[in-house]
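Letter by letter, the chains look like this.
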Amino acid sequence: MAQEQSHNWGKWLVHAGAAPRQEDLVRHPRDIDLPLTVDRTSGVALGEQLVRRVRDLVARGVLRPGDPLPSSRALAARLGISRGTVTAAWDVLAGEGYLVADRGATRITPSLHLDREPARPTPPSAAPLAPPPARPRPARTTTPCTTSPGRPGAAPSLAAPVVPHRTPPDARGAATPHEEGLFDLRPGAGPVTSLDTPAWRGAWRNAAGAAATGETADTSLQGHLSAYLRLSRGIVRAPEEILVTAGVRDGLQLVLRVLGLARRRTLRVAVENPGYPALRRVVAATGHTALPIPVDAHGLDPAVLPAGSWSGAGRWDVAAPPDVLVLTPGHQYPLGGTMPVSRRAELLSWAREHGAVVIEDDYDSELRHTGQPLPALGALDTARDTVVTLGSFAKVLGSAVGVGHLVAPAPLLPELLRARADLGSPVSRVAQDAIARFMDAGEFQRHTARMRRSFRRRRSLVSDALDPLPGVVVAPMAGGAHAVVEVPDEAAAVAGARERGVLVSGLRDYWAGGAAAGAPERRGAASSPGEGLVLGLTARDEDLVRGTRVLRDVLGG
C-alpha cells in the first residue's frame, strides 16, 4: 500500500542544471522530517522501499539537488528499522548517482540533472471551483466505523449552524485570560519560554533595524515556507504561490470569503465533531453554515457525508452535500487520530465528485514524535485543484507571534492573491523578516526539535501521573501539544480541579451542540460525546507538575 501511495503522489521531474532559485538557497538541518515511510506488509524489502521512496521524492521535486537527508541513525529510529537497512539503501542510491556524502552529511547530489522541469499548472483566472452537476452516488457497502472506548461521536445536525453548548477556551491558540491564583492547564495556556534566546531576540532586533533602511533577510519568509513545506510536508510550491497569514483562522476566513463571493450564496461547511471550536466560530462569523460531521478513531469518514443522491442501504439521501470540508487529517483535534492514506484518497475522490473544496488544517505537523509521518493531504492533490492547506507556528513560536501560511489549489490562487492585496496583509513586514532571519540561521529547526522533545516529555509526565488511576486513560497520541484524558465523570473532574486551583477543559466543550430534531441519522455516528479532559502541554513545567498532582488527587478520590 505504501508503494501505491508513492505512485499516487505523481511523477514530478526536477531540472538541476538551471541557476538556483531563492527557495533552493535555504539551509536545512539533517533532523527534518521527510515524508519517508516503509510498509512491512508490502512484500518488498524495506531497503528497496527506501530506495524507491527517495527516487520518487527526487522525481516529484520534493527533494532537490543539495538537500540533506536525515542521518541514518535518526531515520532508522523513527521508522523502527535497523540502521544497516538505511545505510544499505543510501549506498544503492549513491551508486546510482542520487546521493553523495560531504561534510559529514548525506545529500542529494548537487549536480544531479534530470531531463525535464516539473510541470506546474498555470492558475486560471476564471471563478474558482464551481461545483459540477449532481451525479448519482454509487451504493457503498461498508462496515460502520467503530470508535475507541471513551471516544464516541454524537449524531449531528446537518442543517443548523453550529453553536457550542458551552464557551470553551480558544483551544489551540491562547486560552481565555488567566484567572488570578489558578494554574491554567487548558490548551494554549502559557508562553513558549524556551524561545527566549539570544538568536530569537537578535532576529527581531535586526529585522526592526533593517526596516529603517529597507534591507531584508537574504531569503524571504515565503522562500523558507516553500522549502519547509516541500521537505516536511511533501507540498511543492514556489514562494510566490504561498500566502503568509496571521494563523489558521485568518486563512480560513480568507478562503471562505473568496469561495462565498464566487458561488454567490451561503456555503455549507462540513466541520469535524468533535473539533476545533474556533474554526466553527469563523464559519458562523463569515455568514456561512457549519455542518457537524462525526469522526471516528481515524478522523472524518466520507461514508457519513451527505451526498444529495442515492446512498445505499435502501434509502435516498436528500441532504445537500457540503461545499467545503474543514479537516485535521494529520492529527484530528482533539482526539488525535491520523487519517490513513486510503481514506484520504477516498475523501479527495468524494470532493472532486461533488465540487467541494477540502481545507486541511495542518496544525501540529512539526510536533509528531512517534510513528511514521504522512505527507500533508495537499501533497496527494497532485492535480492542485481541490485542497487548501492551512498551517501556523502557534505551538512552536507561540500564539502571540501570529504567523501562518496558506497553500491554495490553482483555481483559487488568483482570487486569493487579489483578495489579500485588497485587504492588506495582517502580518507586518518586520515580523515576516524576523522569522525569516530566525529560520535562515537554522534556529527555527533547532527550536522545533527542542519543543518536540519537551512535549514528548510532558506527555509522559501526564501519563505517568494519571494512567495508573482506575477508570482513567490518557489517550495515546503520536505528538502534538495537548493530551486527552478519559475520565468517568467529566463535570466532577473539571469542577473538582477548579476548586483546588487548577483550570482544565472538558472534552464535551469540543462537540457541536444544537442538533435539530428530525435530522437524518448518519452512519458511523454514536449517541453522545465521551467523558474526558483536554490538557495543554504548553504550561510551564512547574505548573504542569503541580496541576497533574492536583488532578491525581481529584480523580483518585
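Just so it is clear, the structure is predicted and the values come from calculations on it, not from any experiment.

**Here's the deal with the overall build of the protein chain**
Next, step 1: Helix and strand counts for the protein chain come out as 16 helices and 18 strands.
Next, step 2: Counting all 557 residues of the protein chain, 57% fall into the buried class.
Next, step 3: A separation of at least 24 residues holds for 78% of the contacts in the protein chain among residues at least 6 apart in sequence.
Next, step 4: For the protein chain, the exposed surface amounts to about 22200 Å²; the carbon and sulfur share of it is 54%.

**Quick look at the sheet that holds strand 12 (residues 404-407)**
Next, step 1: The sheet built from 8 strands is open, its strands ordered 5-12-11-10-9-6-7-8 with mixed pairing. Each of the sheet's edge strands pairs with one partner strand only, and the pair in question is strand 5 (242-245) and strand 8 (299-300).
Next, step 2: As defined by bridge partners, strand 6 (residues 268-273) adjoins strand 7 (residues 289-296) across 6 bridges and the pair is classed as parallel. By the bridge assignment for strand 7, Glu272 is matched with Ile293.
Next, step 3: Against the sheet, helix 8 (residues 277-285) touches strand 6, strand 7, strand 9 (324-327) and strand 10 (357-361), its axis set at about 165° to strand 6.

**Focus on the environment of Thr41**
Next, step 1: Assignment of secondary structure puts Thr41 in the loop between helix 1 (2-8) and helix 2 (46-59).
Next, step 2: Take Thr41: its relative accessible area is 71%, and that puts it in the exposed class.
Next, step 3: Side chain to side chain, Thr41 and Asp39 meet in a polar contact 2.7 Å long.

**Here's the deal with helix 2**
Next, step 1: Given a rise of 1.5 Å per residue, 14 residues ought to cover 20 Å, and the 20 Å separating the end C-alpha atoms of helix 2 matches this to within 8%.
Next, step 2: When you tally the buried positions in helix 2, you get 10 out of 14 residues, the bulk of the element.
Next, step 3: Gly61, located one to two residues past helix 2, shows a positive phi value of around 85°.

**Details of the sheet that holds strand 13 (residues 473-474)**
Next, step 1: Read from one edge to the other, the open sheet built from 4 strands follows the order 13-14-18-16, with strand pairing classed as antiparallel. Strands with a single pairing partner mark the edges of an open sheet, and in this sheet they are strand 13 and strand 16 (505-506).
Next, step 2: Alignment of strand 16 against strand 18 (residues 532-536), held across 2 bridges, turns out to be antiparallel. Bridge pairing in strand 18 links Gly506 to Leu533.

**Observations regarding the side chain of Thr548**
Next, step 1: As for its position among the elements, Thr548 is in helix 16 (residues 541-556).
Next, step 2: Classification of Thr548 as buried rests on a relative accessible area of 3%.
Next, step 3: The contacts of Thr548, once residues within four sequence positions are left out, are Leu185, Leu461, Val462, Ala465 and Leu466.

**Focus on the pattern of salt bridges**
Next, step 1: Taken as a whole and judged by the stated rule, the model has 18 salt bridges.
Next, step 2: Note that Arg60 and Asp56 form a salt bridge whose closest N and O atoms lie 3.0 Å from each other. Like Asp56, Arg60 is buried.
Next, step 3: The network of salt bridges with shared partners includes Arg263, Arg265, Arg268 and Asp323.

**Describing the nonpolar core**
Most often, soluble globular proteins have nonpolar side chains that are buried together.
Next, step 1: Formed by 57 residues in total, the largest nonpolar core has its most connected members in Ile359, Leu406, Leu412 and Leu416.
Next, step 2: The element contributing the most residues to this core is helix 7 (residues 248-263), with 7 residues.
Next, step 3: Contact partners of Leu406, with chain neighbours within four places excluded, come to Glu241, Ile242, Leu243, Thr245, Gly251, Leu254, Val255, Val388, Thr389, Leu390 and Leu416.
Next, step 4: Counting residues in hydrophobic clusters, the runner-up holds 55 residues, among them Trp200, Ala481, Val502 and Leu533.

Conventions and cut-offs
- Residues numbered from 1 in each chain as written.
- Predicted model: local features only at pLDDT ≥ 70, side-chain atom pairs only at ≥ 80, totals over all residues.
- Heavy atoms only, no water.
- Helix = DSSP H or I, 4+ residues; strand = E, 2+ residues; numbered from the N terminus.
- Buried < 20%, exposed > 50% of the residue type's maximum accessible area, 1.4 Å probe, protein only.
- Contact = heavy atoms within 4.5 Å.
- Areas by Shrake-Rupley, 256 points an atom, 1.4 Å probe, with all protein chains shown as cover.
- Pairing = 2+ DSSP bridges.
- Axes fitted to C-alpha atoms, helices over the stretch in contact; angles between N-to-C directions.
- Polar contact = N/O pair within 3.5 Å; in protein donor to acceptor, adjacent residues only side chain to side chain.
- Expected span 1.5 Å × (residues − 1).
- Salt bridge = Lys/Arg side-chain N within 4 Å of Asp/Glu carboxyl O.
- Core = buried A, V, L, I, M, F, W, Y, C linked by side-chain atoms within 4.5 Å.

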